[in-house]
Structure formats: structure tokens, C-alpha cells
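Chain by chain, the residues:
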Amino acid sequence: MKEGKTLKKTEKTGLCLALPALLGLMIFYIIPIGISGYNSLTFGGEFVGLENYRLTFDNYMFRLAVKNTFLFLGVSIPLNLLFSLGAALLLERNFVGNRFFRMAFLYPYVVPVAATVMTVKIFISDTGVLNTFLEQKDLPTQDWTRSSWAFLILVLLYLWKNMGYSMILLLSGLAMIPPEYEQMGRLDGCGKWNFFFYIKLPLLRQMLFFTALIALLNAFKCFRESFLIAGVHPHESIYMIQHFINNNINNLNYVKISTTAFTLFVLMFFLIALVYTKKPDKAG
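I will try to describe carefully the structure that is included in this document. This one's a predicted model, so the numbers in the text were calculated from it and none came from an experiment. (Residues numbered from 1 in each chain as written. Predicted model: local features only at pLDDT ≥ 70, side-chain atom pairs only at ≥ 80, totals over all residues. Heavy atoms only, no water.)

## Quick word on the environment of Ser-172
Turning to step 1, where the next piece is worked out: Within the fold, Ser-172 resides in helix α7 (residues 150-175).
Turning to step 2, where the next piece is worked out: Taking the C-alpha atoms as reference points, Ser-172 and Glu-92, 80 residues apart in sequence, are found 9.4 Å from one another.
Turning to step 3, where the next piece is worked out: At 2.4 Å, the side chain of Ser-172 and the backbone oxygen of Leu-169 are in polar contact. (Helix = DSSP H or I, 4+ residues; strand = E, 2+ residues; numbered from the N terminus. Polar contact = N/O pair within 3.5 Å; in protein donor to acceptor, adjacent residues only side chain to side chain.)

In C-alpha cells, the structure reads:
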């Protein structure tokens, strides 16, 4: 009887502690999402069904933004996982300077976005290091962020800023693999590559899944860098969904804002749900 009372008291205490977070989630996330969903189905207070979505999807700039966003996700996330895994495997072993290289990789992640963009501009702006070097060599210069190089610059900036965090996550996953597995593999004649592909990589699947999810969320945040580097109207190759939303906020087009924002929410929801459905079973 006493145990039941204690359990109920613990549940009430837990609910009271979680209540502020639940209220914040309701006020700042769930209610705004519901309002956006409602606004996307109305015009001038009248219900219009999916007409707003049809008009939005017929918009060339919206289609361009969606294409660029998914292209950026498709390129940046696999590269992030590949490079961060390679760096984690190199830094897994103890050697002189190991701690320094870990800090060097992680440092861009903790640097404010504005400082990161300022560093990039020092190198690729009109009067930056790159153009100054090209002028000295009598080679043609250009505004790199307004050219076809803009997409590559944004991908490299994303990798530079986020690869270190992904590497730390994968290092923690590698640290959880017992060293005895490698010793047993060597006794059985297992080479380094076979050990990596058939033993280490399967054991690392859970952390790879989590790292991919974090990389996906961080990729959607890369709009900040694109906005600070190229402004409100960037080169077409880096015109993202967030640019489309931001420009319609300036135009006070609340119907398009709600329709696009709710579409983005649904896309992210299904992307994350897809990742979870593809989540591998626990190794072993």
C-alpha cells in the first residue's frame, strides 16, 4: 500500500517537474504548428482546402528552393558521415597531438555563426585572400558567393562547422567497442579491413544512425550561413526553403508562409520518421 502511494507521489513530482517543458512545447511549438496548418487551408477567413498548396507548388521559386534543399541534404549529410567517420578512426588511436586534433575539429562547431561567416568572407569576398592572390597572378576574379561555386562553398562550410561534432559522436561509439573483439579477430586471422566492415561497422550502426539524425537537423540550420554570406537573394544554387519563407515574411504573404512552413514541418517529420523506420536492430 505504501509502495503504491510512494509511486503516485513520484509520478506527481515528475509531472510537476516536466510541466514547464510541456507548457513551453505546447505554447511555442504545437500551437503555432496548428495555427500554420489552419492558415494554410484558408484564405481571407474562408476554407479553400488545398488550393493554397497548389498555388505554392506551382511557384517556380518554391520548387527551386525544395530542389536545392534536398540536393544540399543529399550531398552534405553523406559527406559529413564519411569524413567524420574517417577522422574518428584516425583519432581513435593514441598518438602525440591526438587531443589537439580533436579540439581543432570540434572548435568550428562552438564558434558563433557570425564569426564563422566572417572567417569565410575573409577568404572569398571581393577583396578577400583568394581574389587578392588571383589578382597578383593576373588571373580573373569573381564574386564567389554569387557564382556557381556558391553551392560548393556552402557544403564545405557545413562540413567544416559540423564534421567535428559528428566525429566526437562516432568516437564515443568506437570507444564502446570492447578492445577484446579486435584481439580475438587477429587470433582468427581477421585483417584490418575485414574487422572494420564485418565487426566494427555493424557495432557502430546505432551511433551512425544517431549521428545521421543530428547531421540532418544541423543541415536544415545551414540557412543561417547561406543568409549571412549571400544575403536575402543568393545565387540560385543556394536558394533554400528558408529563403522562400523569409522573403514572404518581408512581403507579409502569410498564406504562403503558413503553407510553406507546414509543408517543411511535414517533410522533416517524414524524413525523421523514415530514418527511424530504417533504424537497424541492436548489434549482437
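Next, the rest of the story.
## What about unusual backbone geometry?
Turning to step 1, where the next piece is worked out: Although it is not a glycine, Asp-138 adopts a positive phi angle of roughly 55°.
Turning to step 2, where the next piece is worked out: Tracing the sequence through the fold places Asp-138 in the loop between α6 (129-136) and α7.

## Details of the pattern of salt bridges
Turning to step 1, where the next piece is worked out: By the definition in use, this model includes three salt bridges.
Turning to step 2, where the next piece is worked out: Glu-51 is the partner of Arg-54 in a salt bridge, and the nearest nitrogen-oxygen pair spans 2.6 Å. Here the residue Arg-54 and the residue Glu-51 both occupy positions in helix α2 (residues 51-57), the gap between them amounting to three residues, near one helical turn.
Turning to step 3, where the next piece is worked out: Exposure remark for Arg-54: the relative accessible area of 42% places this residue in the partly exposed category.
Turning to step 4, where the next piece is worked out: It is possible to trace a salt-bridge network through shared partners that takes in Glu-51, Arg-54 and Asp-58. (Salt bridge = Lys/Arg side-chain N within 4 Å of Asp/Glu carboxyl O. Buried < 20%, exposed > 50% of the residue type's maximum accessible area, 1.4 Å probe, protein only.)

## Some points on the nonpolar core
Turning to step 1, where the next piece is worked out: Counting 27 residues, the largest nonpolar core has Phe-72, Leu-73, Ile-77, Leu-154, Tyr-158, Ala-219 and Ile-238 as the members making the most contacts within it.
Turning to step 2, where the next piece is worked out: Of all the secondary-structure elements, those providing two or more residues to this core are α3 (60-91), α7, α10 (205-220), α12 (241-250) and α13 (254-277).
Turning to step 3, where the next piece is worked out: No other element matches the seven residues that α3 contributes to this core.
Turning to step 4, where the next piece is worked out: What Leu-73 contacts, discounting residues up to four positions off in sequence, is Pro-78, Leu-216, Ala-219, Phe-220 and Leu-271. (Core = buried A, V, L, I, M, F, W, Y, C linked by side-chain atoms within 4.5 Å. Contact = heavy atoms within 4.5 Å.)

## Things to note about α7
Turning to step 1, where the next piece is worked out: An ideal rise of 1.5 Å per residue puts 38 Å on 26 residues; α7 measures up with 37 Å between its terminal C-alpha atoms.
Turning to step 2, where the next piece is worked out: For α7, the buried fraction is high: 19 of the 26 residues fall into the buried class. (Expected span 1.5 Å × (residues − 1).)

## Some thoughts on empty space enclosed by the protein
Once rolled over the atoms, a probe with the size of a water molecule shows which space is left empty.
Turning to step 1, where the next piece is worked out: Tallying each qualifying case throughout the model produces two cavities of 30 Å³ or more.
Turning to step 2, where the next piece is worked out: Surrounding the largest cavity, Thr-69, Phe-72, Leu-73, Ala-219, Phe-220, Cys-222, Phe-223, Met-240 and Gln-242 form its lining.
Turning to step 3, where the next piece is worked out: At the level of secondary structure, the elements contributing two or more residues to the lining of the largest cavity comprise α3 and α10.
Turning to step 4, where the next piece is worked out: Looking at which element gives the most residues to the lining of the largest cavity, the answer is α3, with three residues.
Turning to step 5, where the next piece is worked out: The class makeup of the residues in the lining of the largest cavity is seven nonpolar, two polar and no charged.
Turning to step 6, where the next piece is worked out: Roughly 30 Å³ of internal volume is contained in the second largest cavity. (1 Å grid on protein atoms, 1.4 Å probe; cavity = no way out; pocket = protein on both sides within 12 Å on 5 of 7 lines; lining within 4 Å. Points joined across faces, edges and corners; volume = space filled by probe spheres on them. Nonpolar A, V, L, I, M, F, W, Y, C, P; charged D, E, K, R; others polar.)

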